Amino acid sequence: MKPLTVVLGSRKDLPGFEFPQIKPLYPAFARMVRNLEFDVCELALATYLQARAAGVPITLIPAVMVGGTHHRSLTRLPGGPELTPGDLVGKRIGVRSYSQTTGLWVRGILSEEYGIAASDVTWVTTEEPHVARYEEPAWVTRSSAGRVGDLLHRGDVAAAVLGPRAIGGQGEGLVPVIPEAETAGRAWVDRHGFVPVNHVVVVRDDVLRAVPDQVRELAAALGAAWSEQLGACLDLAARYALEQELLREPLDLDVIEKEATRLWS
């Protein structure tokens, strides 16, 4: 039996599976949702939601690979004029892609906690969405002038959305726009009852039909399981995505839950 090709950010060593290393990981997301290039692939949550809406034939394996709070992900230059979340209305904010999951959560925070809608800001992106057929809303523009951190240092944007790894790299020395970001993040988790998910895992539908036992073996090794917290996270992420026009129509989350519960429980 041919080994399944599985792309994960953290390497696994399991017999019967091949784990090609792709660094950085995120370009694999477009290869998966555009070309179905892999049998199983770690996938950003926002990309999964958009791919599902676009009818890409993939099924969720409910294994959370990356997650965390994002109040610290909205950054600014240190030492400049004081910048509060309320000051961002009418401003430009840099983000790698409008459909990046970190951006989804940051915009949700701005809306929920500060009353700032996605359309109140111009989102300056450096990369296109992973799902090819997705059309970005009017408040999104593209820049070819380098990375997100470069846009901030040149003054092209007032703030930048950078995930944890980027904060340690191109975001070195930047400070959070949201005051007491760590405390605010913990309060968000206490209020919602879950930690925001960034990456899940998906399998091609044809692979699942052909070798369900192999897929279940991998799912078990990843600790895949549906939970109330995951359901609540998907529900909120999908609502945020609708508000931000990452999705144009609601997803049937009950179907997603039934598939996950039937296949992985």
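For the structure, see preceding data.
Each chain carries its own residue numbering, running from 1 in the direction its sequence is written. With pLDDT at 70 or above as the cut-off, local features in this predicted model cover only qualifying residues; side-chain atom pairs require 80 or more to be listed or tallied, and sums for whole chains, interfaces and linings still use all residues. Side-chain descriptors were evaluated using all non-hydrogen atoms of the structure, hydrogens and water having been removed beforehand.

The subject of this paragraph is the pairing of strand 3 (residues 40–44). We call a residue buried when its accessible area falls under 20% of the maximum for its residue type, exposed when it is over 50%, and partly exposed in between, using a 1.4 Å probe and counting protein chains only. By the criteria applied, helices consist of DSSP H or I runs no shorter than four residues and strands consist of E runs no shorter than two, each listed in order from the N terminus. Burial analysis of strand 3 places five of its five residues in the buried class, the great majority of the element. Here strand 3 shows two buried faces, one formed by Val40, Glu42 and Ala44 and the other by Cys41 and Leu43. Examined bridge by bridge, strand 1 (residues 4–7) and strand 3 share two bridges and lie parallel to one another. Among the inter-strand pairings, Val6 is bridged to a residue of strand 3, identified as Val40. Any two strands with at least two DSSP bridges between them are considered paired.

Attention now moves to the sheet that holds strand 4 (residues 58–67). Sheet strands pair via backbone hydrogen bonds, and the direction of the pair is either parallel or antiparallel. What the five strands build is an open sheet, ordered 2-1-3-11-4; its pairing is mixed. A single partner strand is all that each edge strand has here, and the edge strands are strand 2 (17–18) and strand 4. Pairing analysis gives six bridges linking strand 4 to strand 11 (residues 197–204), with the strands arranged antiparallel. For Val66, the partnering residue across the bridge sits in strand 11 and is His199.

Taken as a class, soluble globular proteins show a tendency for nonpolar side chains to be buried jointly. Within the largest apolar cluster, 63 residues are counted, with the highest numbers of intra-cluster contacts made by Tyr48, Leu74, Trp105 and Trp123. The leading source of residues in this core is helix 9 (residues 228–243), at eight residues. The contact criterion used throughout is that any non-hydrogen atoms of two residues lie within 4.5 Å. Once you skip the residues sitting within four places of it in the chain, Trp123 turns out to touch Ile93, Val95, Tyr98, Arg107, Leu110, Ala118, Trp139, Val140, Thr141 and Val161. Only buried residues count toward a nonpolar core, which is a set of Ala, Val, Leu, Ile, Met, Phe, Trp, Tyr and Cys residues joined through side-chain atoms within 4.5 Å. Among the nonpolar cores identified, the runner-up in size contains 18 residues, and Ala63, Val201, Val211 and Val215 belong to it.

Moving on, we get to the sheet that holds strand 9 (residues 159–161). Pairing is mixed across the open sheet formed by six strands, whose spatial order is 8-7-6-9-5-10. At either margin of the open sheet sits one strand with a lone partner, and together these are strand 8 (140–142) and strand 10 (175–176). Relative to strand 9, strand 6 (residues 92–95) runs parallel, the two sharing three bridges. Considered in strand 9, the bridge of Gly94 is made with Ala160. Of the strands in this sheet, strand 5 (74–76), strand 6, strand 7 (122–125) and strand 9 touch helix 3 (residues 101–114), which is tilted by about 125 degrees from strand 9. Throughout, an axis means a line fitted to C-alpha atoms (over the contacting stretch in the case of helices), and angles, computed between N-to-C directions, take values from 0 to 180 degrees.

Once that is clear, we can look at helix 1 (residues 27–35). Burial in helix 1 covers these residues: Ala28, Phe29, Ala30, Met32 and Val33. If you follow the buried residues of helix 1, they end up packed against strand 1, strand 3, helix 2 (45–53), strand 4 and strand 11. Phi turns positive one or two residues past the end of helix 1, at Leu36, with a value near 50 degrees.

In what follows, salt bridge is the name for a side-chain nitrogen of Lys or Arg lying within 4 Å of a carboxyl oxygen of Asp or Glu. Scanning the model with the defined rule gives 15 salt bridges in all. The partner of Asp39 in a salt bridge is Arg204, and the shortest N-O contact between them spans 3.1 Å. Taken together, the residues span a long stretch of sequence, with Asp39 in the loop between helix 1 and strand 3 and Arg204 in strand 11 at a distance of 165 residues. Arg204 matches Asp39 in its accessibility class, with the two residues each being buried. Salt-bridge contacts for Glu127 lead to Arg96; the nearest nitrogen and oxygen are separated by 3.4 Å. Of this pair, Glu127 sits in the loop between strand 7 and strand 8 while Arg96 sits in the loop between strand 6 and helix 3, placing them 31 residues apart in sequence. Residue class for Arg96 comes out buried when judged on its relative accessible area of 17%. One network of salt bridges, with partners in common, ties together Asp39, Arg204 and Asp206.

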